[in-house]
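In case you want the letters, here they are:
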Amino acid sequence: MIGLLKRDLALAIRAGGGFGLSLAFFLIFTTLVPFGVGPQTQVLAEIAPGILWLGALLACLLSLDRIFQLDWEDGTLDLIATSPVPLEGLAAMKALAHWITTGLPLVAAAPMLGLLLNLPGPAYPWLVAALALGTPALSAIGTFGAALTVGIKRGGLLLSLLVLPLYMPTLIFGALCVTRGADGLDALTPLILMGGITLGSLAILPFAAAAALRVNLR
Amino acid sequence: MASIWEYANPRKFMATSAALLPWTAGVAALCLVTGLVWGFFFTPDDFRQGSTVKIIYVHVPSAIMAINAWLMMLVASLIWVIRRHHVSALAAKAAAPVGMVFTLIALATGALWGQPMWGTWWEWDPRLTSFLILFLFYLGYMALWEAIDNPDSAADLTAVLCLVGSVFAVISRYALLFWNQGLHQGATLSLDREQNIANVFWYPLVITLAGFGFLFIALVLYRTQTEIRARRLKALIAQERMA
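Residue numbering note: each chain is counted from 1, following its sequence as written. Written order decides the labels, with chains lettered from A and ligands numbered from 1. In keeping with the predicted nature of the model, local features appear solely for residues at pLDDT of at least 70, side-chain atom pairs appear and are counted solely at 80 or more, and the whole-chain, interface and lining totals rest on all residues. Side-chain measures were taken over the full set of non-hydrogen atoms in the model, leaving aside hydrogen atoms and water.

## Some thoughts on the overall build of chain A
Note on conventions: DSSP H or I runs of at least 4 residues are helices, E runs of at least 2 residues are strands, and numbering of each starts at the N terminus. Each helix and strand counted, chain A has nine helices and zero strands in total. Principal axes of the C-alpha set define a box for chain A whose edges measure 55 × 35 × 30 Å. Counting over 218 residues, chain A shows a buried share of 53%. Note on contacts: a residue pair is in contact if any heavy atoms of the two residues lie within 4.5 Å. Long-range contacts, defined here as pairs at least 24 residues apart, represent 80% of the contacts in chain A between residues at least 6 apart. Accessible areas in this description were obtained via Shrake-Rupley with a 1.4 Å probe; residue shielding takes into account the shown protein chains only. When the accessible surface of chain A is split by element, carbon and sulfur atoms take 72% of a total near 9,300 Å². A distance of 8 Å separates the average location of the 10 positive side-chain charges in chain A from that of its 10 negative side-chain charges. Only protein chains enter the calculation, and the probe is 1.4 Å; a residue is then buried if its accessible area is under 20% of its type maximum, exposed if over 50%, and partly exposed in between. Positive charges are assigned to Lys and Arg, negative charges to Asp and Glu, while His and the chain termini are left out of the count. For this purpose, a charge sits on NZ of Lys, CZ of Arg, CG of Asp or CD of Glu.

## Considerations on the interface of chain B and chain A
Between chain B and chain A, the contact holds 25 residues from the first and 28 residues from the second. Approximately 2,100 Å² of surface area, both sides summed, lies buried where chain B meets chain A, with 87% of it carried by carbon and sulfur atoms. Summed over the three residues of chain B that lose the most area to chain A, namely Leu-157, Phe-168 and Phe-178 of chain B, the buried surface amounts to 28% of that side. For this document, the term salt bridge refers to a Lys or Arg side-chain nitrogen within 4 Å of an Asp or Glu carboxyl oxygen. At the junction of chain B and chain A, the tally comes to one salt bridge. Throughout, the accessible surface (probe 1.4 Å) given up by two parts as they are put together, summed over both, is called the buried area.

## So, the packing of aromatic side chains
Residues and elements named next belong to chain B. Aromatic contacts are taken between Phe, Tyr and Trp rings whose centres are within 6.5 Å, Trp giving its six-membered ring; a plane angle under 30 degrees counts as stacked, one over 60 as edge-to-face, and the others as tilted. One pass over the structure, following the stated rule, counts eight aromatic pairs over all chains. Here the aromatic rings of Trp-122 and Trp-124 are separated by 5.6 Å at their centres, their planes lie at 85 degrees, and the arrangement is edge-to-face. Put simply, the rings of Trp-70, Phe-137, Tyr-138 and Tyr-141 touch in pairs and so form one group of aromatic residues. Here the basic side chain of Arg-83 rests over the ring of Trp-5, its NZ or CZ set 4.0 Å away from the ring centre. Whether a charge lies above a ring is judged from NZ of Lys or CZ of Arg, which has to be within 6 Å of the ring centre and within 35 degrees of the ring normal. If you follow Arg-84 out to its NZ or CZ, it ends over the ring of Trp-80, 4.3 Å from the centre.

## As for the confidence of the model for chain B
A score between 0 and 100, pLDDT records how confident the predictor is in each residue. Averaged over every residue, the pLDDT of chain B is 85; the share at 70 or more is 90%. Highest mean pLDDT in chain B belongs to helix 2 (residues 56–83) of chain B (91); lowest belongs to helix 5 (residues 151–179) of chain B (87).

## A word on unusual backbone geometry
Even without being a glycine, Asn-118 of chain A presents a positive backbone phi close to 60 degrees. Relative to the elements of secondary structure, Asn-118 of chain A occurs in the loop between helix 6 (87–116) and helix 7 (123–148). One non-glycine residue, Arg-84 of chain B, adopts positive backbone phi at about 55 degrees. Along the chain, Arg-84 of chain B turns up in the loop between helix 2 and helix 3 (86–118). The partly exposed category is assigned to Arg-84 of chain B, whose relative accessible area is 39%.

## Thoughts on helix 8 (residues 156–182) of chain A
The quantity called bend is, for any residue, the angle between two axes fitted respectively to the seven residues ending at it and the seven beginning at it. The largest bend in helix 8 of chain A is about 40 degrees, located at Met-168 of chain A, with the proline Pro-169 of chain A one to four residues further on. With respect to burial, helix 8 of chain A is a largely interior element, 20 of its 27 residues being buried.

## Structural notes on the pattern of salt bridges
Inspection of every chain in the model, using the stated rule, returns six salt bridges over all chains. The partner of Arg-214 of chain A in a salt bridge is Glu-88 of chain A, and the shortest N-O contact between them spans 3.3 Å. Separated by 126 residues along the polypeptide, Arg-214 of chain A in helix 9 (residues 188–217) and Glu-88 of chain A in helix 6 bring together distant segments of the chain. Measuring nitrogen to oxygen at the nearest pair gives 2.8 Å for the salt bridge that ties Asp-156 of chain B to Arg-218 of chain A. On the criterion of chain membership, the pair formed by Asp-156 of chain B in helix 5 and Arg-218 of chain A in the segment after helix 9 is interchain, its members lying in two chains.

## A look at the environment of Pro-49 of chain A
All names here are of chain A. Along the chain, Pro-49 turns up in helix 3 (residues 41–62). Distance from Pro-49 to Gly-114, taken between C-alpha atoms, is 8.0 Å for residues 65 residues apart in sequence. The residues contacting Pro-49, other than those within four sequence positions of it, are Leu-119, Ala-175, Val-178 and Thr-179.

## Regarding a nonpolar patch on the surface
A grouping of Val-33, Val-37, Trp-38, Phe-40, Phe-41, Phe-42 and Tyr-203 of chain B is seen on the molecular surface, where their side chains present a nonpolar patch of about 730 Å² in accessible area. For Phe-41 of chain B, the position within the fold is in helix 1 (residues 10–41). A patch consists of residues whose relative accessible area exceeds 30% and which take part in no salt bridge; residues with like charges are grouped when within 9 Å of each other, and nonpolar side chains (Val, Leu, Ile, Met, Phe, Trp, Tyr) when within 5 Å.

## Considerations on the packing of helix 4 (residues 126–147) of chain B against helix 5 of chain B
Following both chains from N to C, one finds helix 4 of chain B and helix 5 of chain B inclined at 170 degrees, their axes separated by 10 Å at the closest point. With respect to helix 5 of chain B, the axis of helix 4 of chain B lies roughly antiparallel. Angles run from 0 to 180 degrees between N-to-C directions of axes, and those axes are lines fitted to C-alpha atoms, restricted for helices to the stretch in contact. Small angles under 35 degrees read as roughly parallel and large ones over 145 as roughly antiparallel, with 65 to 115 read as roughly perpendicular and the rest as oblique.

## Notes on the nonpolar core
By size, the foremost hydrophobic cluster in this structure holds 108 residues, and its most contacted members are Phe-68, Phe-144 and Tyr-167 of chain A together with Met-73 and Leu-144 of chain B. With 13 residues, helix 8 of chain A is the single largest residue contributor to this core. Apart from the residues within four sequence positions on either side, Phe-68 of chain A is in contact with Leu-77, Leu-90, Lys-94, Thr-143, Ala-146, Ala-147, Val-150 and Leu-213 of chain A. In terms of nonpolar packing, the next biggest core, distinct from the first, is built from eight residues, Phe-13, Met-14, Leu-21 and Leu-90 of chain B among them. In this description, a nonpolar core means a group of buried Ala, Val, Leu, Ile, Met, Phe, Trp, Tyr and Cys residues linked to one another through side-chain atoms lying within 4.5 Å.

Next comes the structure, spelled out in structure tokens:
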């Protein structure tokens, strides 16, 4: 399983697997926002938590169809399925690799982009904490969605329709945590609730993703 | 004693549902006509809300059935996953568009009532928002059914989606309560209370509730029959090709 993880990471970094692409998407999304709503720092500061979370969520979403698609097309997925590694483990490792290549860079870049959007000072630690805790849930949910749609040609739009409603609770608690942090209110409660969602997703969704993969590999 | 699993046999299901269908449809029509006419024309106006209160006879039953339709899909999906009865999977598939339309009716009638009463068509209130999310879940579920060619794979994948979606729908509901204070009043109907609303409004409401329930049963039976016939047709065409 560690081998699988190393392979996925190596593929993502070396073979033009779009390692930096979601980061670039996050950057351009954040850059576009002031053009849409106007450059008033007051307005930007108010909407910055939500915008940063939305950007991270969409950046995650755009890289989802890559999780299983290439392995499915060239038959790697069949090979792994016949190997002794359980599919649940494969799904968990895929989610972890997706988080390391997508979620982690987003967490690291978010404070810089927060500066661009004039995010208030006390919100920064909460932003990093919320993204660090929340993006694993996004990766786990996304892996499940990717496993559901792996057999479908051009399933990208369908994937977003399936996955985005599932992202809703994470987004609510994540953005709420940062907003409350910016206003100097108690931000710990939404953070803990989001941690609960993350842990629940990590515990349950690899099994659901493996079930979906088994159906698709029949 | 006959077991409930006998109805997993499509032939048995077709015979029983064909016998039941006129009765459920008839009872639904009777209840809906009686309840709606009684509710719309023979109940007094509310002293604050005027005649807008009468939208309750459509709004509340359709909202209740919208949630129960998803619950029925969840049970049917579980039966499919555990016992592999095809009728069950097809019933879940048949219920989805019906539930979606009930959700849409609840949202639309709510907006129509909210405009004069709250002064807004839409408000990001937890109840309203969770119904919007329920609507999105229905859309995703139906889109996944449409997207997959192999019927068994489609049934399996949509069942998994329905199970995971149910968990996330419940989480969303409580997340939304945390997120925003509501404008929507509390539940009108509750089993805990002695009297929910004044009897003049209560009787027609119960009748329309029953009407919507029977309407749902009739539509699902009818659509499941259609799905079974479509499946048989496909099998016949495949046989012809082989011969």
